[in-house]
Amino acid sequence: MIERAAPTLPGDAIGLVIAHLGKSLAVETARGELLVCQSRRRIIDVAVGDRVQVEATSPDSGVVTAVLPRSTELLRPARGGRTRTVAANIQHVWVVLAVAPEPDFLLVDQILAVSEHRGIAGGLLINKVDLGGDRTRLDVEVRNYAAAGYPVLEVSARAGVGLASLQQRLHSTCSMLAGQSGVGKSSLTNALIPDRSLRVNELSAKSGLGRHTTTTATLYHLPGSGDLIDSPGVTVFGLAQMNGRDIAHGYREFRDFIGRCRFNDCRHLDDMGCAVREAVAAGHLSEARHARYRKLLEKGVSAAFLTSAQPPG
Ligand SMILES: Nc1nc2c(ncn2[C@@H]2O[C@H](COP(=O)(O)OP(=O)(O)OP(=O)(O)O)[C@@H](O)[C@H]2O)c(=O)[nH]1
Ligand SMILES: [Mg+2]
Ligand SMILES: [Zn+2]
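Residues numbered from 1 in each chain as written. Chains lettered and ligands numbered in written order. Predicted model: local features only at pLDDT ≥ 70, side-chain atom pairs only at ≥ 80, totals over all residues. Heavy atoms only, no water.

## Notes on unusual backbone geometry
Among all residues except glycine, the phi angle is most often negative; among peptide bonds, the trans geometry is most common. Across the junction of Ala100 and Pro101, the peptide omega takes the value -5°, indicating a cis bond. Along the chain, the position of Pro101 falls in the loop between β8 (92–98) and α1 (105–117). Positive phi outside glycine occurs at Gln241, with the angle close to 55°. Tracing the backbone through its elements, the reader meets Gln241 in the loop between β13 (227–230) and α6 (244–250). Relative accessible area serves as the criterion here: at 52%, Gln241 is assigned to the exposed category. (Helix = DSSP H or I, 4+ residues; strand = E, 2+ residues; numbered from the N terminus. Buried < 20%, exposed > 50% of the residue type's maximum accessible area, 1.4 Å probe, protein only.)

See below:
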C-alpha cells in the first residue's frame, strides 16, 4: 500500500481551484493533493481555474488566502447588478450543440459574444453525430458560425467520433465546455478524461457533498497536457459588463463592416447608412445572426449603447 504523505506546505503555496463546492473550494496543490478549502472572508469571487495561495490546515483541508492575477475571466451577471466569474484563466470556450435537445442559438451567440469580449477563443462542438434526425437548421446555422471564423468540430461522445481531433485542439491549453443541458458536455469530458470518475468520487468524499460536485464547473487534467472544464448546462448566459458596442463586436463577422457605417453611433439596426444592415441585405452576413443581435441589444442594453460606448477613431 502506498502511504499518502500529508501535505507539507511551507506557509503559503500555490494551488489551482478545480471546483466550487457550495461554500468551499476544491484546490489542487502543486503536488497533486486535493484540499477542501475555505476562503478568507475578504476574498469574494473565486472561480474554477483560479490560481490561489493556499495554506494547508490538515491533509485534506486548507484556507485560500489570496487569488493570483487572472489572464482571462468569463463573467456572468449575478444578483444585485453584480457579476460572477464562471471560470478563470481559460483560453478556449467550446459551445456544445447537438441535434437534440433542440439548439438555442441565442444562447450560443451569448456565450460566444461574452468570450469574444473577454479575449477567450470560441468554437463549436456538434455532438451526437451518431444520431439521425433533421439537421437542416443546425447545418445552416453552423455554416454561419464557420463563416464567422469559428472552428466547428463534429463529434460523438458515444460513438467516439472526432475525439482525436478534439484532443488535438485541447492540447496544452485550458478549455471549457459550455452549453445547454443534455448536449453531452459531461459525456465528452468522460470520453476525454480516463480517470474523471475517480476525481469526481474523490471530490464527493472529501467535500461530503455527494452528487453535488457533478453540478458545478469542474476542471480536469487532460492526458498529456492541458485542462478541460466541464460546466453545468445553462439556459441563459447573459452579457455581463457589455455595452451595445461590445455586443456588436461580439458578433465577430460584423467587425469588417462596422467601420463603414455612415454614423459613428450606428446601432447596426435600422440606422441610415448602416454597412452591417447592408451586408445582411446583400447576403454577406447571416440574417439569423443579425436578428439575434437585435434581440440581445433590444433586450438589455440599448439604452447603454450611446452612453457608455466610445465613438470609434
Ligand atoms: N446518441 C448520443 N447520445 C449522447 C452523446 N453524448 C451524450 N449523449 C447522451 O445525452 C445525454 C446527456 O448527456 P450529458 O453528458 O449528461 O449532457 P450534459 O451536457 O453534461 O448535460 P448537463 O450536465 O445537464 O449540462 C445522456 O443521456 C448521454 O448519454 C452522443 O454522442 N450520442
Ligand atoms: Mg453535465
Ligand atoms: Zn451600422
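After that view, the rundown keeps rolling.
## Focus on the nonpolar core
Core analysis: the biggest nonpolar cluster contains 60 residues, and Leu74, Ile90 and Ile229 have the highest contact counts within it. When neighbours within four sequence positions are excluded, Leu74 is seen to be in contact with Arg84, Thr85, Val86, Ala87, Ile90, Val93, Val114, Ser115, Ile120, Met176 and Phe237. The next biggest cluster of nonpolar side chains, apart from the first, holds 18 residues, and it includes Trp94, Leu166, Leu177 and Leu222. (Core = buried A, V, L, I, M, F, W, Y, C linked by side-chain atoms within 4.5 Å. Contact = heavy atoms within 4.5 Å.)

## Considering the site of ligand 1
Near ligand 1, the surroundings consist of 17 residues, among which Asp130, Ser181, Lys185, Ser187 and Gly233 are the closest. Within the contact set of ligand 1, an oxygen atom lies 3.1 Å away from a side-chain nitrogen or oxygen of Lys128. The separation between an oxygen atom of ligand 1 and a polar main-chain atom of Gly184 is 2.9 Å. With the chains in place, 73% of the 650 Å² that ligand 1 exposes on its own is no longer accessible. Ranked by the residues each element gives to the shell around ligand 1, the list is headed by helix α4 (residues 185–192), at three residues. In terms of residue class, the shell around ligand 1 is made up of four nonpolar, nine polar and four charged. (Near = heavy atom within 4 Å. Polar contact = N/O pair within 3.5 Å; in protein donor to acceptor, adjacent residues only side chain to side chain. Areas by Shrake-Rupley, 256 points an atom, 1.4 Å probe, with all protein chains shown as cover. Nonpolar A, V, L, I, M, F, W, Y, C, P; charged D, E, K, R; others polar.)

## Here's the deal with the packing of aromatic side chains
A full pass over the atoms with the stated rule returns four aromatic pairs. Between Tyr251 and Tyr293, the aromatic rings sit 5.6 Å apart at their centres with planes inclined by 75°, giving edge-to-face as the arrangement. On the criterion of sequence distance, the pair formed by Tyr251 in the loop between α6 and α7 (255–258) and Tyr293 in helix α9 (residues 287–308) is long-range, its members being 42 residues apart. Just as Tyr251 is buried, Tyr293 falls in that class too. Taken together through their ring pairs, the aromatic side chains of Tyr251, Phe254 and Tyr293 make up a single cluster. (Phe/Tyr/Trp six-rings, centres within 6.5 Å; stacked < 30°, edge-to-face > 60°.)

## A look at the packing of α1 against helix α2 (residues 136–147)
Put simply, α1 and α2 touch, their axes get as near as 12 Å, and they point 20° apart. Comparing the axis directions of α1 and α2 gives the class roughly parallel. Crossing of α1 over α2 shows right-handed handedness. Along its contact with α1, which presents Phe105, Val108, Asp109 and Leu112, the element α2 presents Arg137, Leu138, Glu141 and Tyr145. (Axes fitted to C-alpha atoms, helices over the stretch in contact; angles between N-to-C directions. Parallel < 35°, antiparallel > 145°, perpendicular 65-115°, else oblique. Left-handed = near helix turned anticlockwise from the far one by under 90°.)

## Quick look at the coordination of the zinc ion (ligand 3)
Only Cys261 (SG), Cys266 (SG), His268 (ND1) and Cys274 (SG) from the protein reach the zinc ion (ligand 3) as donors, at distances of 2.1 to 2.4 Å. Around the zinc ion (ligand 3), the four donor atoms are arranged such that angles at the metal cover 101 to 116°; this shape is classified as tetrahedral. Read in sequence order, the donor residues coordinating the zinc ion (ligand 3) give the pattern C-x4-C-x1-H-x5-C. (Donors = N, O, S within 2.8 Å, 3.2 Å for Na, K, Ca; no water. Tetrahedral: all angles 85-135°; square planar, octahedral: opposite > 155°, others 65-115°.)

## Structural notes on the pattern of salt bridges
Under the defined criterion, the tally for this structure stands at 18 salt bridges. The shortest N-O distance in the salt bridge between Arg252 and Glu116 comes to 3.6 Å. Of this pair, Arg252 sits in the loop between α6 and α7 while Glu116 sits in helix α1, and the two are 136 residues apart along the sequence. A single salt-bridge network, built from bridges that share partners, covers Glu102, Asp109, Arg137, Glu141, Glu253, Arg289 and Arg292. (Salt bridge = Lys/Arg side-chain N within 4 Å of Asp/Glu carboxyl O.)

## A few points about the packing of helix α3 (residues 163–170) against α4
Remark: α3 packs on α4, axes separated minimally by 11 Å, with the N-to-C direction vectors making an angle of 85°. With respect to α4, the axis of α3 lies roughly perpendicular. Counting all contacts with α3, which are made through Leu163, Leu166, Gln167 and Leu170, the residues of α4 involved are Leu188, Ala191 and Leu192.

## So, the environment of Asp271
When you line up the elements, Asp271 lands in the loop between α7 and α8 (275–281). Asp271 sits in the partly exposed class, given a relative accessible area of 23%. When neighbours within four sequence positions are excluded, Asp271 is seen to be in contact with Asp265 and Cys266.

## Some details on α1
For the α-helix, the turn length of 3.6 residues means that residues three or four positions removed from each other point alike. Helix length check: α1, at 13 residues, gives a terminal C-alpha distance of 18 Å against a target of 18 Å (1.5 Å per residue), a fit within 8%. Where burial is concerned, most of α1 is hidden: twelve out of the 13 residues are buried. Within α1 the residues assigned to the buried category are Phe105, Leu106, Leu107, Val108, Asp109, Gln110, Ile111, Leu112, Ala113, Val114, Ser115 and Glu116. Looking at where α1 begins, the residue whose side-chain oxygen comes 3.1 Å from the main-chain nitrogen of Leu106 is Asp104. Note on α1: the residue one or two positions beyond its end, Gly119, has a positive phi of about 70°. (Expected span 1.5 Å × (residues − 1).)

So yeah, pure geometry; function would need other evidence.
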